[in-house]
Amino acid sequence: MTTSRDMVAGLRGLRETAPASLAERVMEVTGLTDTYAQVETPIWPLLVAWGPAGISAIERIDDPGAFEETYFARTGRRVHRVERAPAAVARTVERTMAGEKVRDLAVDLSGLNDFQRLVLAKTLEIPYGEVRPYAWVAQEIGHPRAQRAVGTALANNPIPFVIPCHRVVRSDGHIGNYGAGGPFAKRAVLAWEGVDPDELERLANKGVRYIGSDTTNIFCFPTCRNARRITESHRVRFRTGDDAEAAGYRPCKVCRPTGAAAAA
Ligand SMILES: [Zn+2]
């Protein structure tokens, strides 16, 4: 019996000896090649690539030459542009950008190391319309001092929007940089999700990192769903997690602000 792995190995062999165009055509016909297409989204058109394991790259900027080169450099596989993405791929992008939970999200993180995968898996847990600091991601994956490496891993996220690296902000609360098109794009996609980027910057400028409720005595990151429910007259603002705990407040179990407070 020929397994698909044997088939891929066989086709790789073929590629080495046959003219490239023939090998590529065989790959396409057998569905083993990686392909990409433009996918429309409510914010902007994206280039989306997919392979046998799932979505393998997304890029906002319409620069197909660089897209293909970057793809090859990371995965060691060629990617070919096609007219249209399969309905399942387009639908996955659409659903994640609309904030739906996609249970069986299939992504291909070829070429990334374990640390990068850990960072991206943790980032997938940040709810739609909320943000967390780099320090939080570092703490949650058990590398509290690796904030800078977390930032680098997120800047090189090959599947932005679907893996929401835009939901990770600077540890001082400022929105910060963004690999998939700079701060402007990051603000735009956060605003699309209902986060007010100006409000985030205002809080950061005032040094407010956490919001507590004087009825529950629980404190949160400002965008946590529990923090947003607190009415104005019951909101208490804290600059550090230590300040909050010294005032008798406990960290929220949903957004878990303590670790970030300790690491910052
Ligand atoms: Zn919370």
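In the block above lies the structure referred to throughout.
All figures in this text were calculated on a predicted structure; none of them were measured in a lab.

Asker: Even after reading the chapter, I still don't get the coordination of the zinc ion, so can you show me in this structure?
Answerer: Any two of four tetrahedral donors ideally make an angle of 109.5 degrees at the metal, while pairs among six octahedral donors ideally make 90 or 180 degrees. Taken together, the protein ligands of the zinc ion are Cys 220 (SG), Cys 224 (SG), Cys 252 (SG) and Cys 255 (SG), with distances of 2.3 to 2.4 Å. Considering all 4 donor atoms around the zinc ion, the spread of angles at the metal, 99 to 118°, places the coordination shape in the tetrahedral class. In the primary structure, the donors to the zinc ion are separated according to the pattern C-x3-C-x27-C-x2-C. Of the two residues, Cys 220 is situated in strand 8 (residues 218–220) and Cys 252 in the loop between strand 10 (250–251) and helix 12 (258–263); the sequence distance between them amounts to 32 residues.

Asker: Explanation requested: the pattern of salt bridges in the structure shown.
Answerer: A side chain of one charge can pair with a side chain of the opposite charge when the charged atoms of the two come close. Counted according to the given criterion, the structure contains 17 salt bridges. For Glu 100, the salt bridge is made with Arg 95, and the minimal N-O distance between the two is 2.9 Å. On the basis of relative accessible area, Glu 100 is assigned to the partly exposed category, the value being 38%. Arg 95 sits in the partly exposed class, given a relative accessible area of 23%.

Asker: Please clarify how the environment of Ala 146 should be interpreted in this entry.
Answerer: Relative to the elements of secondary structure, Ala 146 occurs in the loop between helix 6 (134–140) and helix 7 (147–155). Ala 146 sits in the buried class, given a relative accessible area of 17%. C-alpha of Ala 146 to C-alpha of Ala 135: the two residues are 11 residues apart in sequence and 8.0 Å apart in space. The contacts of Ala 146, once residues within four sequence positions are left out, are Phe 115 and Ala 138.

Asker: Could you clarify how one ought to interpret the sheet that holds strand 2 (residues 46–51) in this entry?
Answerer: Backbone-to-backbone hydrogen bonds join strands into a sheet, with any given pair of strands oriented parallel or antiparallel. Spatial strand order, 3-2-1-4: 4 strands in an open sheet with mixed pairing. The two strands at the open ends of the sheet, each matched to only one other strand, are strand 3 (54–59) and strand 4 (79–81). Going across the sheet, the axis of each strand differs from the next one's by a mean of 30°, ignoring polarity. As defined by bridge partners, strand 2 adjoins strand 3 across 5 bridges and the pair is classed as antiparallel. Paired with Ala 49 across the two strands is Ala 57, which belongs to strand 3. Strands in contact with helix 3 (residues 64–75) are strand 1 (34–39), strand 2, strand 3 and strand 4; relative to strand 3, the strand with the most contacts, it is inclined by about 135°. Across the face of the sheet, helix 4 (residues 87–97) comes into contact with strand 1, strand 2 and strand 3 while running at roughly 125° to strand 2.

Asker: Would you mind showing me how to read the packing of helix 5 (residues 114–123) against helix 7 here?
Answerer: Packed helix pairs are characterised by how far apart their axes lie and by the angle those axes make with each other. Where helix 5 contacts helix 7, the axes come no closer than 9 Å and their chain directions differ by 80°. Classified by the interaxial angle, the pair formed by helix 5 and helix 7 is roughly perpendicular. Mapping the contact onto sequence places Phe 115, Gln 116, Val 119, Leu 120 and Thr 123 in helix 5 and Ala 149, Val 150, Ala 153 and Leu 154 in helix 7.

Asker: Can you help me understand the nonpolar core in this one?
Answerer: Inside soluble globular proteins, nonpolar side chains tend to come together where they are buried. Leu 46, Val 48, Ile 58, Val 93, Val 150, Leu 154 and Phe 161 are the most contacted members of the largest nonpolar core, which totals 50 residues. In terms of residue count, helix 6 provides more of this core than any other element does, 4 residues in total. Setting aside residues no more than four positions away along its own chain, Val 48 makes contact with Thr 35, Tyr 36, Ala 37, Val 39, Ile 55, Ala 57, Ile 58, Val 89 and Val 93.

Asker: What is the right way to look at the packing of aromatic side chains in this model?
Answerer: Aromatic ring pairs: the centre-centre distance and the angle between the two ring planes describe each pair. Evaluation of the coordinates by the stated rule reveals 7 aromatic pairs. Aromatic pair Phe 161 and Tyr 178: ring centres 6.4 Å apart, planes at 85°, arrangement edge-to-face. Separated by 17 residues along the polypeptide, Phe 161 in the loop between helix 7 and strand 6 (168–169) and Tyr 178 in the loop between strand 6 and helix 8 (182–192) bring together distant segments of the chain. Across the pair, Tyr 178 and Phe 161 agree in class, each one buried. Here the aromatic rings of Phe 238 and Tyr 249 are separated by 4.9 Å at their centres, their planes lie at 65°, and the arrangement is edge-to-face. Of this pair, Phe 238 sits in strand 9 (residues 235–238) while Tyr 249 sits in the loop between helix 11 (241–246) and strand 10, placing them 11 residues apart in sequence.

Reading the values: the criteria
- Residues numbered from 1 in each chain as written.
- Predicted model: local features only at pLDDT ≥ 70, side-chain atom pairs only at ≥ 80, totals over all residues.
- Heavy atoms only, no water.
- Donors = N, O, S within 2.8 Å, 3.2 Å for Na, K, Ca; no water.
- Tetrahedral: all angles 85-135°; square planar, octahedral: opposite > 155°, others 65-115°.
- Helix = DSSP H or I, 4+ residues; strand = E, 2+ residues; numbered from the N terminus.
- Salt bridge = Lys/Arg side-chain N within 4 Å of Asp/Glu carboxyl O.
- Buried < 20%, exposed > 50% of the residue type's maximum accessible area, 1.4 Å probe, protein only.
- Contact = heavy atoms within 4.5 Å.
- Pairing = 2+ DSSP bridges.
- Axes fitted to C-alpha atoms, helices over the stretch in contact; angles between N-to-C directions.
- Parallel < 35°, antiparallel > 145°, perpendicular 65-115°, else oblique.
- Core = buried A, V, L, I, M, F, W, Y, C linked by side-chain atoms within 4.5 Å.
- Phe/Tyr/Trp six-rings, centres within 6.5 Å; stacked < 30°, edge-to-face > 60°.

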